[in-house]
Amino acid sequence: MAVKQSAPSPQVSPARRRRITILGVTIDDLTEGEVIAQADALIAAGGPHQLVTVNPEFVIEAQANPTFRAALADADIATADGFGLILAARYLGMPLRGRVTGVELTRQLAGLCADRGYRMFLLGAAPGVAAEAAAALQAMYPGLIIAGTFAGSPQERHEPFLRQLIAAARPDVLLVAYGHPQQDLWIARNQPALQVPLAIGVGGTFDYLSGRVPRAPAPIRRIGLEWAYRLARQPSRWRRIMNAVPRFAWRVIAQGSRASRQPNRHPEV
Ligand code: UDP
């Protein structure tokens, strides 16, 4: 169902906006509807803006990668895309109201774009996948204008060509699927020249939308075990996830116990 002109949840005013910090990474406490309303306002305001979809792997990467940490800190919106973040926020006594996954966000944004006449560009993933994802979104929202699709590459030497391609397509929303941290760094590097109103790193979203990688069934997603399902389907992810998830959990627990030894202090993580 398309997002109606009046449908998005009320926009969250900057004064009422709640942000939390987990291990030095800021995350907005926004529901899916609020993210779409914020996105709508940012697009209407004109570019450039960046949205990041944070998960525990992002947080671990940010600890060791100052450029990535800076890109996350500078983002206009940071959503919690990862059940681990929801659990960590709850454990640290700063619960988030909801999780906003890249796939759902992309679907909802496509609805917003279709309603408003905003143009969407899909960059990244394996050759052909972005076009298949665009076709799937257009099947859901027939009015959706696809400004362009291209696989390309996150290598810096390809940036001048990609900037030309994207600038000529005049998108309002640019989705970049190069995986983290490359996609978010790509956006941070290129937005000053591109000035796209809203650019978002969306990870494996095109693979899911195109149907090339099946998503976990809804009950598995609801109990937060999508990562285990993905691991079973894509064993190549194993090392990456096993590297990030236990370290994330351990550091959150360590941070929580430090904060609890200082009862008067808000957990500064
Ligand atoms: N990808 C790409 N070029 C690269 C590296 C990755 O197009 O050089 C794409 C890959 O095909 C996939 C996405 O980036 O569609 C990464 O998905 P993943 O689920 O690994 O992202 P993350 O977990 O980092 O969000």
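The structure reproduced in this document is the subject of the present report.

Cut-offs applied
Residues numbered from 1 in each chain as written. Predicted model: local features only at pLDDT ≥ 70, side-chain atom pairs only at ≥ 80, totals over all residues. Heavy atoms only, no water. Near = heavy atom within 4 Å. Polar contact = N/O pair within 3.5 Å; in protein donor to acceptor, adjacent residues only side chain to side chain. 1 Å grid on protein atoms, 1.4 Å probe; cavity = no way out; pocket = protein on both sides within 12 Å on 5 of 7 lines; lining within 4 Å. Sits in = over half its atoms within 2 Å of the grid points. Nonpolar A, V, L, I, M, F, W, Y, C, P; charged D, E, K, R; others polar. Core = buried A, V, L, I, M, F, W, Y, C linked by side-chain atoms within 4.5 Å. Buried < 20%, exposed > 50% of the residue type's maximum accessible area, 1.4 Å probe, protein only. Helix = DSSP H or I, 4+ residues; strand = E, 2+ residues; numbered from the N terminus. Contact = heavy atoms within 4.5 Å. Pairing = 2+ DSSP bridges. Axes fitted to C-alpha atoms, helices over the stretch in contact; angles between N-to-C directions. Parallel < 35°, antiparallel > 145°, perpendicular 65-115°, else oblique. Left-handed = near helix turned anticlockwise from the far one by under 90°. Points joined across faces, edges and corners; volume = space filled by probe spheres on them.

Around the ligand, the structure places 14 residues, and the nearest of them are Ala 125, Ala 177, His 180, Asp 207 and Arg 240. At 2.7 Å, a side-chain N or O of Asp 207 approaches an oxygen atom of the ligand. If you map the ligand onto the pockets, it falls in the largest pocket. Across the shell around the ligand, the residue classes break down as five nonpolar, five polar and four charged.

Below, the discussion takes up the nonpolar core. Core analysis: the largest hydrophobic core is formed by 35 residues, its most contacted members being Leu 109, Met 120, Leu 122 and Phe 206. At the level of secondary structure, the elements contributing two or more residues to this core comprise α1 (32-45), α5 (102-116), β5 (119-124), α6 (129-140), β7 (173-177), β8 (198-201) and α9 (205-209). If one sorts the elements of this core by residue count, α5 sits on top with six residues. Leave out the neighbours within four places in its chain, and Leu 122 touches Ala 130, Ala 133, Ala 134, Leu 137, Ile 146, Gly 148, Thr 149, Phe 150, Leu 175 and Phe 206. Val 52, Phe 58, Ala 80 and Ile 86 belong to the second largest nonpolar core, which has 28 residues in total.

Moving on to the side chain of Glu 57. Mapped onto the elements, Glu 57 comes out in helix α2 (residues 56-64). Note on Glu 57: relative accessible area 11%, which makes it buried. The residues contacting Glu 57, other than those within four sequence positions of it, are His 180, Arg 237, Arg 240, Ile 241 and Ala 244.

This part covers the sheet that holds β8. Ordered in space as β4-β3-β8-β7-β5-β6, the six strands form an open sheet in which the pairing is parallel. Every interior strand has two partners, whereas the edge strands, β4 (77-80) and β6 (145-150), have only one. Here the strands of the sheet are splayed against their neighbours by 20 degrees on average, with no regard to which way each runs. Of the strand pairs in this sheet, β5 and β6 are connected by five bridges, and their pairing is parallel. When the sheet's bridge partners are listed, Leu 123 is paired in β6 with Phe 150. Against the sheet, α1 touches β3 (50-54), β4, β7 and β8, its axis set at about 160 degrees to β4.

Okay, the packing of helix α4 (residues 83-91) against helix α12 (residues 238-260) next. Packed helices, taken two at a time, are described by the angle their axes make and the gap between the axes. Running from N to C, α4 and α12 point in directions that differ by 15 degrees, and their axes come no closer than 10 Å. Taken together, the axis directions place α4 and α12 in an arrangement best described as roughly parallel. Note on packing geometry: the crossing formed by α4 with α12 is right-handed. Judged by residue contacts, Gly 84, Leu 85, Ala 88 and Tyr 91 of α4 engage Phe 248, Val 252, Ile 253 and Gly 256 from α12. Looking at the contact of α4 with α12 residue by residue, the class counts come to six nonpolar, two polar and no charged.

Here we take up the layout of surface pockets. Here the largest pocket is characterised by a volume of approximately 1,000 Å³. Asn 55, Glu 57, Asp 81, Arg 230 and Arg 237 are, among the 45 residues lining the largest pocket, the residues nearest its centre. Going through the elements one at a time, α2, α4, α5, α8 (182-194), α9, α11 (226-233) and α12 are the ones with two or more residues in the lining of the largest pocket. Among the elements that take part in the lining of the largest pocket, α12 stands out by supplying seven residues, more than any other. In terms of residue class, the lining of the largest pocket is built from 21 nonpolar, 15 polar and nine charged. By volume, the second largest pocket is sized at about 200 Å³. Lining the second largest pocket are 13 residues, and of these Phe 83, Arg 99, Thr 101, Arg 221 and Arg 222 sit closest to its centre. Among the secondary structure elements, those contributing two or more residues to the lining of the second largest pocket are α4 and α10 (218-222). Here the residues of the lining of the second largest pocket are counted per class, giving three nonpolar, two polar and eight charged.

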